[in-house]
Amino acid sequence: MKDKLVRGNSMDGAIRVFAAVTTDLVNEAQRIHHTYPVATAALGRLLTAAAIMGAAGLKNETDSMTVQIKGEGEIQNLVAVTDCHSRVRGYISNPYVDRPLNKKGKLDVGGAIGGGYLSVIRDLGMKEPYIGQVPLVSGEIAEDITYYYAKSEQIPTSVALGVLVDTDNTAIAAGGFMIQLMPEATDDMAVRLEEILKELPPVTSMIREGMSAEDILFRVTDGFSMICENNAVTPKYECKCSKERMEKALISIGREEFTALIEEQGEAELTCQFCDNKYLFTKQELLELLEKAK
């Protein structure tokens, strides 16, 4: 099943849904970060969530959203950054985390993250970015994002995320969906949706059965009159790093530290944490940068 992210609304505007298949995206992240199964699942879930949240909450080309989990377990830092086209990049502090399966026989993402908090930073080109932060509910990510929307955005939301990992650490199936109730929604609608969600198979099971993002959208709102919008996107793992960005990072360390770096090391190699690309700066380049920084 090809990667795709679709959005839909009920005819009366009371429900909005986003559904995504992100298997290729998650496998690209796994390839770059060499993640073990628990880390593949954790990073894959957060990247999928960010792709959906970007589609839901960003409008302009220059807008960006960062979703970050600060954990207290073996995974202390988990980051995903997205734009309005669901082009995402991410980072995990411990790609080699390995744990026994949890009580449900699933990969123990919640145990690997432990307690902590979830932050959502939306940069919409204003003077200050909007920052929302909530404590983690379970560390399983989907429940934490559901809780974030209820607390920070006051939108009744249900999020499901799934990454099924193969024996070689890659994803067999990955994806997710987000359902939100708009102000027009009635209590009866909320109850009906809750009943549907209780009976749903896992997202990864639906994808393995060959269901597309559109199929999932209609499956999770079965019985409601839904319209699938025609503005689907292909969520992608895409890094925006460049030598120019690395130059800015070097300049930002401050004149004293920069001078010391040139004197002590004579050159610098910077690695992008999102895509593992390496950028080498010769002594001559560093001296020219130092001149520019003046």
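Scroll up a little and you will see the structure.
Definitions and limits used
Residues numbered from 1 in each chain as written. Predicted model: local features only at pLDDT ≥ 70, side-chain atom pairs only at ≥ 80, totals over all residues. Heavy atoms only, no water. Buried < 20%, exposed > 50% of the residue type's maximum accessible area, 1.4 Å probe, protein only. Helix = DSSP H or I, 4+ residues; strand = E, 2+ residues; numbered from the N terminus. Arc of directions from axis to C-beta. Pairing = 2+ DSSP bridges. Axes fitted to C-alpha atoms, helices over the stretch in contact; angles between N-to-C directions. Contact = heavy atoms within 4.5 Å.

Undergrad: Let's hear about helix α10 (residues 283-293): which residues, and what values?
TA: Taken together, the buried positions of α10 are occupied by Leu 286, Leu 289 and Leu 290. Along the long axis of α10, the arc covered by the buried residues comes to 100°, so they all point the same way.

Undergrad: Lay out the sheet that holds strand β2 (residues 15-21) with the relevant residues and their values.
TA: Spatial strand order, β8-β9-β2-β1-β10: five strands in an open sheet with antiparallel pairing. Each edge of the open sheet is held by one strand with a lone partner, namely β8 (157-165) and β10 (226-228). Across this sheet, the average inter-strand angle for adjacent strands is 15°, counted without regard to direction. Bridging between β2 and strand β9 (residues 171-181) involves seven bridges; their strand directions are antiparallel. Across the sheet, residue Ile 15 finds its bridge partner in β9, namely Leu 181. Relative to β8, helix α2 (residues 37-57) is tilted by about 140°, and along the sheet it contacts β1 (4-10), β2, β8 and β9. This element, helix α7 (residues 213-220), spans β1, β2, β9 and β10 of the sheet and lies at about 145° to β2.

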